[in-house]
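Report on the structure
The primary structure of each chain is shown beneath.
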Amino acid sequence: MKTHKNILAPSLLAGDHSSLLSALKEVETAGAQWIHLDIMDGHFVPNLSFGPQTVADLRPKSSLFFDVHLMLSQPHKYIDAFLKAGSELITIHVEPDYPIQQTLDKIKEANCQCGIALNPNVSAAEVEPFLPSVDLVLAMTVFPGFGGQSFHEEVLPKLKELNELRKKNNYHYRLEVDGGIDLKTAELCKEMGVDTLVAGTAFFKASDRLNFINKIES
Ligand code: DX5
Ligand code: ZN
């Protein structure tokens, strides 16, 4: 019995950055319910994307669910800004050194959903202490920083492990993957119990985006 219905979260990172609003409208027109917003600081990851002002300006123009992925080395310093910008789910990474549980609690206290993310080389054990409190676990299937990278198959056993931990302990989190997700790799992840899938490149390149969404969410 699956805990959550499958959802695609197209990543705005793969849209046209000269007009992020039109890229977001393409996501809406295709029939997606979520948008994945990749926030990069050029420190935790070797790239920069966009910040809270961009999210705040997009917020009133869209009813999509804003799934915000903070790839920041000091995310606790930016929670207020992304809450104010209208995020509905804020995911923070487990790797940097900062008060993780306190930051998750702060996100929840603001009635925003919270998520914990782990990179391909990080074991499920590292996020176990946070599993009772999160609404989402984001298991990266690439090393974050750029769209269009290849899927890391070695993450598959960890997805299965995170799904088993969820079932065994009756946790409520969504299990999300991000990086190199296309129709083929999505099926591999769903077989492991993944229910939330981020796709940037594959979504924006799809010739039939409605079909792409339906296949991913089936
Ligand atoms: C981290 C980013 C990317 C992006 C999706 O690098 O989180 O993974 O969302 O990238 P692609 O284009 O592989 O779907
Ligand atoms: Zn992401």
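A quick note: this is a predicted structure, and the numbers were derived from the prediction, not measured.

Focus on the site of ligand 1
Inspection of the region around ligand 1 gives 19 residues, with Asp38, Asp178, Gly180, Gly200 and Thr201 positioned closest. In this structure, Ser11 approaches ligand 1 through a side-chain N or O atom, which is 3.2 Å from an oxygen atom. One of the backbone N or O atoms of Gly200 is found 2.7 Å from an oxygen atom in ligand 1. Protein burial of ligand 1: of its 370 Å² of free accessible surface, 99% is covered by the chains. If you map ligand 1 onto the pockets, it falls in the largest pocket. Listed by contribution, the elements that provide at least two residues to the shell around ligand 1 are strand S2 (34–40), strand S3 (65–71) and strand S8 (196–199).

Considering the coordination of the zinc ion (ligand 2)
In ideal tetrahedral geometry, four donors around a metal make angles of 109.5 degrees, whereas ideal octahedral geometry with six donors gives angles of 90 or 180 degrees. For the zinc ion (ligand 2), the full set of protein donor atoms is His36 (NE2), Asp38 (OD), His69 (ND1) and Asp178 (OD), and the range of their distances to it is 1.9 to 2.2 Å. Counting along the primary sequence, the residues that act as donors to the zinc ion (ligand 2) give the motif H-x1-D-x30-H-x108-D. Remark: Asp178 occurs in strand S7 (residues 174–178) and His69 occurs in strand S3; sequence separation between them is 109 residues. For the residue pair His69 and Asp178, the accessibility class agrees, reading buried in each case.

Comments concerning the sheet that holds strand S6 (residues 136–140)
Sheet architecture is open: eight strands sit in the order S1-S8-S7-S6-S5-S4-S3-S2, paired in parallel fashion. In the strand order of this sheet, the two ends are held by strand S1 (7–10) and S2, each with one partner. Across this sheet, the average inter-strand angle for adjacent strands is 25 degrees, counted without regard to direction. Judged from the seven bridges that link them, S2 and S3 form a sheet pairing that is parallel. Each residue of the ladder has a partner; that of Met40, found in S3, is Met71. Packed onto the sheet, helix H5 (residues 156–169) meets strand S5 (113–118), S6 and S7 and runs at close to 165 degrees relative to S7.

How each quantity is defined
Residues numbered from 1 in each chain as written. Chains lettered and ligands numbered in written order. Predicted model: local features only at pLDDT ≥ 70, side-chain atom pairs only at ≥ 80, totals over all residues. Heavy atoms only, no water. Near = heavy atom within 4 Å. Polar contact = N/O pair within 3.5 Å; in protein donor to acceptor, adjacent residues only side chain to side chain. Areas by Shrake-Rupley, 256 points an atom, 1.4 Å probe, with all protein chains shown as cover. 1 Å grid on protein atoms, 1.4 Å probe; cavity = no way out; pocket = protein on both sides within 12 Å on 5 of 7 lines; lining within 4 Å. Sits in = over half its atoms within 2 Å of the grid points. Helix = DSSP H or I, 4+ residues; strand = E, 2+ residues; numbered from the N terminus. Donors = N, O, S within 2.8 Å, 3.2 Å for Na, K, Ca; no water. Buried < 20%, exposed > 50% of the residue type's maximum accessible area, 1.4 Å probe, protein only. Pairing = 2+ DSSP bridges. Axes fitted to C-alpha atoms, helices over the stretch in contact; angles between N-to-C directions. Contact = heavy atoms within 4.5 Å.

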